[in-house]
Amino acid sequence: MGIASSSGQAGTRRAIATLAVATALCGAALAAVLDAAAGSPVRDPGSFVEASGSPVPVGDFPSGIAKADFDDDDDVDLAVANRLSGDVTILLGDGEGGFAEAPGSPVDVGSEAASIAAARFDGDQDFDLAVVNHSQHVTILLGDGDGGFSERPGGVVEAGVFPSSVVAADINGDADSDLVVGNYENHLFPPPYSGNHLTILLGDGSGGFAEAPGSPVSAGTDPLWIAPAKLDGDGNVDLAVANLNSDDVTILLGDGTGSFVEASGSPIPVGNDPRWIAAEDLDGDSDSDLAVASEDLDDTGAAGVAILLGDGTGGFAEAPGSPLRAGHAPGPLTLADLDLDARTDLAVTNLKSDDVSVFLGRGSGRFREAEGSPVQVESEPRAIAAGRLDGDPLVDLAVGNSNSDELSVLLNDARLPRCAGREATMIASAGRAPIRGTRAPDVVAGSDGGERILTRGGADRVCAGGGNDEIRTAGGRDLIRAGDGADTLQGGPGRDRLVGGAGRDDCRGGKGKDVVRGC
């Protein structure tokens, strides 16, 4: 075990001397660590470029996108619901941002395929699809693991009147995927069959579904989209519902059996015509928050996204700086970490301005619009999905354009910092919860200093940022490099290499045969 704690001296001569000694003692591998930059923030965050071969032709009026690995090759694939052609286009990704239509695609699902969800429904580890039709049905398509799909025998399930949306989640805690369907109002039918409710369909693990006791569940007027999430801290899946024509959000708390009750304080008023809703932790307190896209925020024609912060009991309050001003007629949105800083970011489609607005999260519920936003796409975008489409660590976007019948593939063009000769897979930043690595090999780069980085195993590479950082490893043969200030480096049980930087660093090895230099 190697332990050292001493004062480092800044300056070019000291850095050169340290490099020479380290190279002589440890060879080229350690020299590569010393040569590496300590890490800098992602440059050009939130910028996107269209992939080669984009836009990709799909069916008539694409209105929903589901992502999953449909052919078991570890690349992200896409399933696009085409409303007017009543089918689903299956696009297989090549891992480099390119997509090709699968054999047997498109798959017919009947009239007006309005929405789509991907999950494992029949227990064979292949991803399946659920597609809602305006003909009051959900069609269940079972995947074969090669990108092919076929309708399950008896796979057309009654869903309610004029279904508009479908999401998959384990509603009753039995580890089988269930479905929640939002149903529009239809004045041709008497209550409770006239819409304005959710149909809860419980999966049996073999691809079959049955309506839950207590279903349908009342919502507001014209529930257009649903976000499943754990909202009140009891571990059960709850639902947040955007109601288009009552201009509010309904919060439904689940009891873990498939039944729901409306939360105290629900419904929550938002801007006029809320069209989309998504749930994620937006302020770093581990409680689920909501982002709601509305076409008219305040009767002035201004459009944007309301940010509602959850209190962990099912209550919500609008965040400071909310709403976010977007383009013309915002709709479907997605939440993802677009710049690898472990904060949730937001991308929202704008139907009438033919673009996507990108907002970068600050980790407190506040957002700022990215410099490259909005990103131009094709005509009338109505669907969006986020995923790693080209093999690098950055999250990309796929956008369905309903008027041009095409899919825009937008590759994240942010430039990653490097650590020990490799592009970072995670970016640390001060003033937020610690970066926690995965059990796979991570490459973590610091940014502005004052960061806490905790690895979880694997051969990790960690480079501190502007100083006053704390880095602790949990096992594996790790490479750790200090930044410009006074850093604390703590090795784990494996054979770690700890390299001091320009400041007063405290370097301590772990239980393995560690190498500690320059501290």
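Residues numbered from 1 in each chain as written. Predicted model: local features only at pLDDT ≥ 70, side-chain atom pairs only at ≥ 80, totals over all residues. Heavy atoms only, no water.

1. Points about the overall build of the protein chain
The helix and strand tally for the protein chain stands at two helices and 48 strands. Out of the 519 residues in the protein chain, the part that is buried amounts to 58%. Within the protein chain, contacts between residues separated by at least 24 positions form 41% of all contacts whose residues are at least 6 apart in sequence. (Helix = DSSP H or I, 4+ residues; strand = E, 2+ residues; numbered from the N terminus. Buried < 20%, exposed > 50% of the residue type's maximum accessible area, 1.4 Å probe, protein only. Contact = heavy atoms within 4.5 Å.)

2. Focus: the sheet that holds strand 11 (residues 137–143)
Hydrogen bonds between backbone atoms are what pair the strands of a sheet, whose relative direction is either parallel or antiparallel. Strand order in the open sheet formed by four strands is 9-10-11-12, with antiparallel pairing between adjacent strands. On the outer flanks of this sheet lie strand 9 (113–119) and strand 12 (149–158), each paired with one strand and no other. Averaged over all adjacent pairs, the angle separating strand axes in this sheet is 20°, with direction ignored. With five bridges joining them, strand 10 (residues 128–133) and strand 11 adopt antiparallel strand pairing. Across the sheet, residue Asn-133 finds its bridge partner in strand 11, namely His-137. (Pairing = 2+ DSSP bridges. Axes fitted to C-alpha atoms, helices over the stretch in contact; angles between N-to-C directions.)

3. Focus: the environment of Ala-169
Here Ala-169 lies in strand 13 (residues 163–169). Overall, Ala-169 belongs to the buried group, its relative accessible area being 17%. For the pair Ala-169 and Val-180, spaced 11 residues apart in sequence, the C-alpha separation works out to 7.9 Å. Contacts of Ala-169, omitting those with residues within four sequence positions, involve Asp-176, Ser-177, Asp-178, Pro-228 and Val-237.

4. Here's the deal with the side chain of Asp-289
Examined against the element boundaries, Asp-289 turns out to sit in strand 24 (residues 289–296). Of the side chains bearing the opposite charge, Arg-343 lies closest to the buried Asp-289, which forms no salt bridge; the N-O distance is 12 Å. (Lys, Arg positive; Asp, Glu negative; His and termini not counted. Salt bridge = Lys/Arg side-chain N within 4 Å of Asp/Glu carboxyl O.)

5. Examining the pairing of strand 11
When you tally the buried positions in strand 11, you get six out of seven residues, the bulk of the element. Adjacent in sequence and paired antiparallel, strand 10 and strand 11 are bridged by three residues, among which Gln-136 carries a positive phi angle near 70°. Across six bridges, the pairing between strand 11 and strand 12 is antiparallel. Within strand 12, the residue paired with Leu-142 across the bridge is Ser-150.

6. Here we look at the packing of aromatic side chains
Under the defined criterion, the tally for this structure stands at four aromatic pairs. Plain terms: the ring middles of Phe-70 and Phe-149 are 5.3 Å apart, the flat faces sit at 85° to each other, and that makes the pair edge-to-face. Taken together, the residues Phe-70 in the loop between strand 4 (62–68) and strand 5 (77–82) and Phe-149 in strand 12 connect sequence positions 79 residues apart. Both residues of the pair, Phe-70 and Phe-149, belong to the buried class. Where Phe-162 meets Tyr-184, the ring centres are 5.5 Å apart and the plane angle is 65°; that geometry is what we call edge-to-face. (Phe/Tyr/Trp six-rings, centres within 6.5 Å; stacked < 30°, edge-to-face > 60°.)

7. Focus on the nonpolar core
Within soluble globular proteins, side chains that are nonpolar tend to cluster in buried spots. By size, the foremost hydrophobic cluster in this structure holds 48 residues, and its most contacted members are Ile-200, Ile-251, Ile-277, Val-305, Ile-307, Leu-333 and Leu-346. Beyond its immediate chain neighbours, meaning those up to four positions away, Ile-251 contacts Leu-231, Leu-239, Ala-240, Val-261, Glu-262, Ala-263, Ser-266, Ile-268, Leu-290, Gly-314 and Phe-316. (Core = buried A, V, L, I, M, F, W, Y, C linked by side-chain atoms within 4.5 Å.)

8. Things to note about the side chain of Asp-77
Relative to the assigned elements, Asp-77 resides in strand 5. Polar side-chain contacts of Asp-77 include one of 2.7 Å to the backbone nitrogen of Gly-93. When sequence neighbours within four positions are dropped, the list of residues in contact with Asp-77 reads Ala-66, Lys-67, Ala-68, Asp-69, Phe-70, Asp-71, Leu-91, Leu-92, Gly-93 and Phe-99. (Polar contact = N/O pair within 3.5 Å; in protein donor to acceptor, adjacent residues only side chain to side chain.)

9. Concerning unusual backbone geometry
Each neighbour pair has its own omega, and for Ser-215 with Pro-216 the value is 5°, a cis peptide bond. As for its placement among the helices and strands, Pro-216 is situated in the loop between strand 16 (209–211) and strand 17 (217–218). Of note, the amide linkage connecting Ser-322 to Pro-323 takes the cis form, showing an omega dihedral of 5°. Mapped onto the elements of the fold, Pro-323 is located in the loop between strand 26 (316–318) and strand 27 (324–325). In this structure, Asp-72 takes a positive phi of about 60° despite not being glycine. Note that Asp-72 resides in the loop between strand 4 and strand 5. Here Asp-72 falls in the exposed class, since its relative accessible area comes to 61%. Even without a glycine there, the phi angle at Glu-380 is positive, about 60°. Relative to the helices and strands, Glu-380 is located in the loop between strand 32 (375–376) and strand 33 (381–387). On the basis of relative accessibility, which here comes to 27%, the residue Glu-380 falls in the partly exposed class.

10. Here we look at the sheet that holds strand 38 (residues 426–427)
One open sheet accounts for six strands, arranged 38-40-42-44-46-48; its pairing is parallel. A single partner strand is all that each edge strand has here, and the edge strands are strand 38 and strand 48 (515–517). Bridging between strand 42 (residues 461–463) and strand 44 (residues 479–481) involves three bridges; their strand directions are parallel. Its bridge partner being in strand 44, Cys-463 is matched across the sheet by Arg-481.

11. Regarding the pattern of salt bridges
Enumeration according to the criterion identifies four salt bridges in this entry. A salt bridge links Arg-343 to Asp-341, with the shortest nitrogen-to-oxygen separation between them at 3.7 Å. Comparing Arg-343 with Asp-341, the two get one shared label, buried. Among the charged side chains, a salt-bridge network with shared partners connects Arg-275, Glu-295 and Lys-352.

12. Looking at a negative patch on the surface
A contiguous patch of negative charge, built from Asp-72, Asp-73, Asp-74, Asp-144 and Asp-146, is present on the exposed surface. Its location among the elements puts Asp-73 in the loop between strand 4 and strand 5. (Patch = residues over 30% accessible without salt bridge, like charges linked within 9 Å, V, L, I, M, F, W, Y side chains within 5 Å. Areas by Shrake-Rupley, 256 points an atom, 1.4 Å probe, with all protein chains shown as cover. Charge placed at Lys NZ, Arg CZ, Asp CG, Glu CD.)

13. Some remarks on the environment of Pro-213
Among the structural elements, Pro-213 can be located in the loop between strand 16 and strand 17. On the accessibility criterion, Pro-213 (62% relative accessible area) is exposed. Along the primary structure Pro-213 and Thr-257 are separated by 44 residues, whereas in three dimensions their C-alpha atoms are 8.8 Å apart. Those residues in contact with Pro-213 that lie beyond four places of it in its chain are Gly-258 and Ser-259.

14. Some points on the confidence of the model for the protein chain
Of the residues in the protein chain, 84% have a pLDDT of 70 or more, and the chain-wide mean is 85. Across residues 1–40, where pLDDT falls below 50, the model places 71 contacts with residues more than four positions away in sequence or in other chains. (pLDDT = per-residue confidence, 0-100.)

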